[in-house]
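Spelled out from the first residue to the last, the chains are:
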Amino acid sequence: MKLTGAIGALILALALVGTVSAAGYGTSSISLSSNSANVIAGNAITVNYTVNLASGSTWGTTLNVQASSALASRGIKVDLSNTYGEPPYSGTMNVSTNASTAPSTYAIILQATGDDPSVNNASFVLTVLSTAAPIVTTVKPNSSTINSTSNATTPATAAPTIAAPTTATPTTVAALAYPTHADAATYALYAIIIIAIIAALAGLFAWKSAKARLAIIGAVLIVIGIAVWLYGDYSGGVMQYIAAGLTAVIIGTLVWLYGDIKSGAYRRGAGNTTTLSVALIIAGIIVWLYGDYYSGGFGAVWAGVALIAIGVLVWLYGNVRAGHFGK
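Residues numbered from 1 in each chain as written. Predicted model: local features only at pLDDT ≥ 70, side-chain atom pairs only at ≥ 80, totals over all residues. Heavy atoms only, no water.

## Topic: the overall build of the chain
What counts here: Note on conventions: DSSP H or I runs of at least 4 residues are helices, E runs of at least 2 residues are strands, and numbering of each starts at the N terminus. The cut-offs for exposure are 20% and 50% of the maximum accessible area for each residue type, with area from a 1.4 Å probe on protein chains only; residues under the lower value are buried, those over the upper are exposed, and the others partly exposed. Areas reported as accessible are Shrake-Rupley estimates using a 1.4 Å probe. Residue values count occlusion only from the protein chains shown.
Scanning the chain from terminus to terminus reveals seven helices and twelve strands. When each of the 327 residues of the chain is scored for burial, the buried share is 39%. Counting only carbon and sulfur atoms, one obtains 64% of the accessible surface of the chain, whose full area is about 16700 Å².

Have a look at this one:
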C-alpha cells in the first residue's frame, strides 16, 4: 500500500466522520414568559421558558445559560428546572441574586445546543436595584420655635423628616461574547484528534507495509471515534457527535480487519487476538449504546469505552506478535 494511498484512505475516512458530525436534525426556538425584570439585590425571580421545534425533526436538545460562570462571579445564579429533552419541552428559570450584587443591568442568554440547536438565542434582561437605607433628618429649633410663656421653657422640636428611599441608577454591563463550545471538553477533543492524526502520519512514514498502515489507520479512527463519541455524551447527548464517533469506530474496525485478513495475519498467529479484539469492540459498542439510550448511565458508557480500548490494545499486541510492524 503506497503512502499516498494510505494518507488518502485516512483523509477519506475522516471526511466521512466529519460529514456525519455536521449533519443536524433540526432547529429550535426558545420563548420566555417575560423578557425582562427588575429585582432588588438579594432577591430572586422565576420565569417560564419553552423550547419549541423550529424546523426539521425533533431530537434530544440541551438548554444552557451562556456565560453562567461570569454571572455567578457577579452574584447572579441561574437555575433551569429542565435542561434536556425533545422539543417542545418547558421549564422554569430561577434567577437569584445576593446582597453584594452590583446594581446594574445584566443579559442572561439562553441557548439550545444538540441535534436541534436554537436559531436565535433567547435574551432575558435583569436589572438589579439597590435600595438605600432611609435617611432621617432632624430640624434644629430656632428662636421662632421657642414658646414665650412661662409654662413652656423648653424649645419645641420639629417632627423628624424621613427622606424617600433612593434607588441607584443601574449601569448597563456590556454583554460578553462566549463561543458556543469554547470549553475544556472541546479543547481536549481537538487535542486528541490532532495528536492521533500526527501519530498516524508518523506511523505511515515509519512502516511501509500495507498491513501495518491499515492497522494504524484503523487504530487511529477508533481512538478518534471514542473521543468524538464521548464529547457528544458530555455535551448533553448531542446525536451528531455520537453518530460520528460510532461511525469512526466501525470504519476503523473494518479497515483494520480488512488489513489483517488481506495480509494473512490469521496464518501467523494473530487470528485469536484479532477475533477477541473485534468481539471486545462490538461488546463495547453495545454496552455504550445501552448507556446512552437505555438508562445505562455513564457507568455503562465508561464500561463501553474500556472494552473498546482493551480491544484496541489486544489487537495491537496480536499484530506485533504476528510481525505486522516488522521492517
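## Describing the pairing of strand 4 (residues 61-65)
As a general feature of sheets, a regular strand has side chains that alternate between the two faces. Test applied: Should DSSP find at least two bridges between two strands, the strands are regarded as paired.
In terms of burial, strand 4 is largely enclosed, as four of its five residues are buried. One ladder, built from five bridges, connects strand 4 with strand 8 (residues 104-114); its direction is antiparallel. For Asn64, the partnering residue across the bridge sits in strand 8 and is Gln111.

## Some remarks on the nonpolar core
Stated formally: Residues enter a nonpolar core if they are buried and are Ala, Val, Leu, Ile, Met, Phe, Trp, Tyr or Cys, with the set joined through side-chain atoms within 4.5 Å. The contact criterion used throughout is that any non-hydrogen atoms of two residues lie within 4.5 Å.
Ile222, Ile226, Trp256, Ile281, Ile285, Trp288 and Ile308 are the most contacted members of the largest nonpolar core, which totals 31 residues. Of all the elements in the fold, those that place two or more residues in this core are helix 3 (184-206), helix 4 (210-234), helix 5 (239-263), helix 6 (271-293) and helix 7 (297-321). A per-element tally of this core places helix 4 first, with 13 residues. When near neighbours in sequence (up to four residues on either side) are disregarded, Ile285 contacts Trp229, Leu246, Val249, Ile250 and Ile308. Grouped together as the second largest cluster of nonpolar side chains are 26 residues, Met93, Leu110, Ala112 and Ala122 included.

## Considerations on a nonpolar patch on the surface
Put simply, the rule reads: Residues forming no salt bridge and having over 30% relative accessible area are the ones grouped into patches, like charges within 9 Å of each other and nonpolar side chains (Val, Leu, Ile, Met, Phe, Trp, Tyr) within 5 Å. Within this document, salt bridges are pairs made up of a side-chain nitrogen of Lys or Arg and a carboxyl oxygen of Asp or Glu, the two lying within 4 Å of each other.
There is a patch of nonpolar side chains on the surface, built from Tyr187, Tyr190, Ile194 and Ile198 and spanning about 470 Å² of accessible area. Looking at the secondary structure, you find Ile194 in helix 3.

## Re the confidence of the model for the chain
This is how the line gets drawn: Residue-level confidence of the predictor is summarised by pLDDT, bounded by 0 at the bottom and 100 at the top.
Scored by pLDDT, the chain has a mean of 76; 71% of the residues are at 70 or more. When mean pLDDT is taken per element in the chain, strand 7 (residues 89-97) scores highest with 95 and strand 12 (residues 171-172) scores lowest with 40. Low pLDDT (under 50) marks residues 133-139, which in the prediction has ten contacts with non-local residues, meaning those over four places away or in another chain.

## Focus: the packing of helix 4 against helix 5
How we decide: Angular values range over 0 to 180 degrees, each being the angle between N-to-C directions of two axes fitted as lines to C-alpha atoms, with helices fitted over their stretch in contact. Relative orientations are named as follows: roughly parallel for angles under 35 degrees, roughly antiparallel for angles over 145 degrees, roughly perpendicular for angles from 65 to 115 degrees, and oblique for any other angle. Two helices that cross are described as forming a left-handed crossing if the nearer one is turned anticlockwise from the farther one by less than a right angle, and a right-handed crossing if clockwise. Charged residues are taken to be Asp, Glu, Lys and Arg, nonpolar residues to be Ala, Val, Leu, Ile, Met, Phe, Trp, Tyr, Cys and Pro, and polar residues to be all remaining types, Gly included.
Their axes nearest at 7 Å, the elements helix 4 and helix 5 cross at an angle of 165°. When the axes of helix 4 and helix 5 are compared, the pair comes out roughly antiparallel. For the pair helix 4 and helix 5, the crossing hand works out as left-handed. Of the residues belonging to the contact of helix 4 with helix 5, the class tally is 20 nonpolar, eight polar and two charged.

## Structural notes on the packing of aromatic side chains
Let me state the cut-off plainly: A pair of aromatic rings is counted whenever rings of Phe, Tyr or Trp (Trp by its six-membered ring) have centres within 6.5 Å, and the orientation is called stacked for planes under 30 degrees apart, edge-to-face for over 60 and tilted otherwise.
Within the structure shown, the criterion is met by two aromatic pairs. Judged by centre distance (3.8 Å) and plane angle (5°), the ring pair of Trp229 and Trp288 falls under stacked. You can see Trp229 sitting in helix 4 and its partner Trp288 sitting in helix 6, a full 59 residues away along the chain. By relative accessible area, Trp229 is classed as buried at 0%. Its relative accessible area of 0% is what places Trp288 among the buried residues. With a centroid separation of 4.1 Å and an interplanar angle of 5°, the aromatic rings of Trp256 and Trp315 are classed as stacked. Separated by 59 residues along the polypeptide, Trp256 in helix 5 and Trp315 in helix 7 bring together distant segments of the chain. Here the two residues Trp256 and Trp315 agree in accessibility, since each one is buried.

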